[in-house]
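This is what each chain is made of:
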Amino acid sequence: MAKGEGGEQYANASLLNKPVSLDGIKLARKQEQNKLSICNKLCYAIGGAPYQITGCALGFFLQIYLLDVAQLDPFYASIILFVGRAWDAVTDPTVGFLVSRSPWTRFGRMLPWILLSTPLAVLSYFLIWYVPPFEDGKVIWYLFFYCMFQTMQTCFHVPYSALTMFISSEQKERDSATAYRMTVEVLGTVVGTAIQGQIVGMANAPCLPGPGDIVAELSNGTQSAGLNSSEPVISLEHTRTAYMISSGIICLVYVLCAIVLFFGVREKKDSSRPKSEPMAFFEGIKLVMGHGPYAKLVMVFLFTSLAFMLLEGNFALFCSSTLGFRNDFQNILLVIMLSATLAIPFWQWFLTRFGKKTAVYTGTLAVVPFMILVVCLKSNLIVTYIVSFAAGVGVAAAFLLPWSMLPDVVDDFQVQNPDSTGHEALFYSFYVFFTKFASGVSLGISTLSLDFAGYISRGCTQPEAVHLTLKLLVSAAPIALIIIGLCILYSYPIDEETRQGNRKLLQEQRENEADSETDSTELVIMI
């Protein structure tokens, strides 16, 4: 018997005995139960901060840390960055599969994963920023703890991302909660950039002059010597200590956010329909990836994420090496993230006014002119700050819009597959995986490219090939990837009309199921 058929029979039998006012009361009660308070939304949003704080610190600073502080060869640094992210090819879908099969507890199904993964996540994150007192096993050290952190972070972030579908069944409430989440997450990038950048910036070890710098210094005579004598002496050991202090503070923030999320959010078992029978791992992959709108959205997200990850991973080196702002790059990064935070409410208004696809096109293309300007204009600190602030508006769109569109795809899947439910974690796990995969590919390729170009660790000047490589990595390559992603978005089928239609169909399905359960209970009582 199809779902709802028995419910319709009993509903028809009991309609005459139901007061109309009772139905109105029940409907109002349902809407009230699905409505989220501001406190609920804030607690939910705070749970997204750890992922962005740590991700921002790793994205902006891990490459330069491995090259200039841990002093690894660029080839080995590229292996660590790529393998660490490629490890997510196993952990993200696997954790999503395990979460979808995990039983319901009195705390929910997602929240226990978040709580139990936090201690190991903060421990492994802290040890990433510690330079071990040996040389031979240093590459293994960073690779092990980087992969361990990625695994624990996956056990935190995949359930957290899927939690969106379990805090409310109302699409409007989920979109509002997502906007809160994106605002806090972008604010998290500001916090991560501020903590890591400002602490490390105060203890930034001086660069090492190369042969060309020594010749130039000798030709200048005593002038440069006088300048250097007035500067405070900061050793490499001071820089290493600064990285450990900043990582310790970030670990503390991580734990506090996890506690707020666990105690401030309640999973609602009735926010999703009952789970269907568990399926095999590859069967689940085939199911979610076989859904056309999801596959297209993932491809759009992959290319645009890869573009912004290339920009994020290389912008610190670009500012310090090519633009010459070695002592100011952390402030430039902070301006970008602060601008993105301020722009989130604007993009939330824009997508509700003009639709999500239009918002993606507008927001993503808005950053392209500033990618071109930053490499074409001569090195000027004030101009760089202005360009960075404007670019942050486009970065905000890249943060908010993909995550705002994913619940629409899950709803569309549920409409087309009403008997296949409980797979939200799989959808979100692949979405998270492609983000991390893009980051790994971007960091691995960019670090390897710098190795081929002849990058000099802690060098005061770099070869011209390095400057050209950095310009390509922060401008030309990201723009090409953005164009590819937006071309794929053109064929994305879920527009505003489809989204509203799916919302109404799902609401009717939930009401029919609820009425079926109520009428069945009444029949049992009458018997």
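First, a word on what this report is: a plain description of the structure on this page. Not measured: the values here are computed from a predicted model.

So, how was this worked out
Residues numbered from 1 in each chain as written. Predicted model: local features only at pLDDT ≥ 70, side-chain atom pairs only at ≥ 80, totals over all residues. Heavy atoms only, no water. Helix = DSSP H or I, 4+ residues; strand = E, 2+ residues; numbered from the N terminus. Buried < 20%, exposed > 50% of the residue type's maximum accessible area, 1.4 Å probe, protein only. Contact = heavy atoms within 4.5 Å. Areas by Shrake-Rupley, 256 points an atom, 1.4 Å probe, with all protein chains shown as cover. Axes fitted to C-alpha atoms, helices over the stretch in contact; angles between N-to-C directions. Parallel < 35°, antiparallel > 145°, perpendicular 65-115°, else oblique. Left-handed = near helix turned anticlockwise from the far one by under 90°. Nonpolar A, V, L, I, M, F, W, Y, C, P; charged D, E, K, R; others polar. Phe/Tyr/Trp six-rings, centres within 6.5 Å; stacked < 30°, edge-to-face > 60°. Patch = residues over 30% accessible without salt bridge, like charges linked within 9 Å, V, L, I, M, F, W, Y side chains within 5 Å. Salt bridge = Lys/Arg side-chain N within 4 Å of Asp/Glu carboxyl O. Expected span 1.5 Å × (residues − 1). Bend = angle between axes of the 7 residues up to and from the residue.

On to the overall build of the protein. Per the secondary structure count, the protein includes 22 helices and zero strands. Counting only residues that meet the buried cut, the protein has 54% of its 527 residues in that class. Expressed as a percentage of contacts within the protein between residues at least 6 apart in sequence, the contacts between residues at least 24 apart total 87%. Carbon and sulfur atoms make up 67% of the accessible area of the protein, which amounts to about 22900 Å² in all.

With respect to the helices and strands, Thr 341 occurs in helix α16 (residues 329-354). Thr 341 sits in the buried class, given a relative accessible area of 11%. In sequence terms Thr 341 and Leu 187 are 154 residues apart; their C-alpha atoms lie 5.6 Å from each other. Ignoring any residue separated from it by four or fewer positions in sequence, one finds Thr 341 in contact with Thr 183, Val 186, Leu 187 and Val 190.

Here the focus is the packing of helix α4 (residues 49-69) against helix α8 (residues 138-162). To describe two helices that pack against each other, one gives the angle between their axes and the distance between the axes. Running from amino to carboxyl end, α4 crosses α8 at an angle of 160°, the nearest separation of the two axes being 12 Å. Looking at the two axes, α4 sits roughly antiparallel to α8. Crossing of α4 over α8 shows left-handed handedness. Contacts between α4 and α8 involve Pro 50, Tyr 51, Thr 54, Leu 58, Leu 62, Tyr 65 and Leu 66 on the former and, on the latter, Tyr 142, Tyr 146, Phe 149, Gln 153, Phe 156 and His 157. Residue composition of the contact of α4 with α8, by class: ten nonpolar, three polar and no charged.

Take unusual backbone geometry next. For residues other than glycine, phi is negative in most cases, and the peptide bonds are mostly trans. Phi at Gln 71 takes a positive value of approximately 60°, unusual for a residue other than glycine. Positionally, Gln 71 belongs in the loop between α4 and α5 (74-86).

Before going further, it helps to examine the packing of aromatic side chains. All chains considered together, the criterion is met by 23 aromatic pairs. Between the aromatic rings of Tyr 65 and Tyr 142, the centroid separation amounts to 6.0 Å while the plane-to-plane angle is 85°, which identifies the pairing as edge-to-face. Of this pair, Tyr 65 sits in helix α4 while Tyr 142 is found in helix α8, placing the two residues 77 residues apart along the sequence. This pair shows no difference in class: Tyr 65 is buried, exactly as Tyr 142 is. Residues Phe 350 and Phe 354 carry aromatic rings whose centres are separated by 4.7 Å and whose planes lie at 40° to one another, so their mutual orientation is tilted. A residue pair is termed a helical-turn pair when its members lie 3 or 4 positions apart in one helix, as Phe 350 and Phe 354 do in helix α16 at four residues. Ring pairing ties together the aromatic residues Tyr 65, Tyr 125, Trp 129, Tyr 142, Phe 149 and Tyr 243, which thus form one cluster.

At a minimum axis distance of 11 Å, the contact between α4 and helix α13 (residues 236-264) shows a crossing angle of 165°. If you check the angle between α4 and α13, you find them roughly antiparallel. At the point where α4 passes α13, the crossing takes the left-handed sense. Here α4 contributes Ala 49, Pro 50, Ile 53, Thr 54, Ala 57, Phe 61, Ile 64, Tyr 65, Asp 68 and Val 69 to the contact with α13, which in turn contributes Leu 236, Thr 239, Arg 240, Tyr 243, Ile 250, Val 253, Tyr 254 and Cys 257. Tallied by class, the residues present in the contact of α4 with α13 amount to 14 nonpolar, two polar and two charged.

The next point concerns a nonpolar patch on the surface. Residues Leu 252, Val 255, Leu 256, Ile 259 and Phe 263 make up a contiguous nonpolar surface patch of roughly 500 Å² in combined accessible area. Mapped onto the secondary structure, Ile 259 falls in helix α13. Overall, the relative accessible area of 40% leaves Ile 259 in the partly exposed class.

Looking now at helix α15 (residues 292-322). Helix length check: α15 (31 residues) gives 43 Å between terminal C-alpha atoms against 45 Å at 1.5 Å per residue, within 8%. Within α15, the axis deviates most sharply at Asn 314, by approximately 45°. Taken across its 31 residues, α15 has 27 buried, putting it largely inside the fold.

Our focus in this paragraph is the side chain of Ser 247. As for its position among the elements, Ser 247 is in helix α13. Beyond its immediate stretch of four places on either side in the chain, Ser 247 contacts Tyr 125, Phe 126, Trp 129 and Gln 196.

Shape descriptors only; they carry no functional weight alone.
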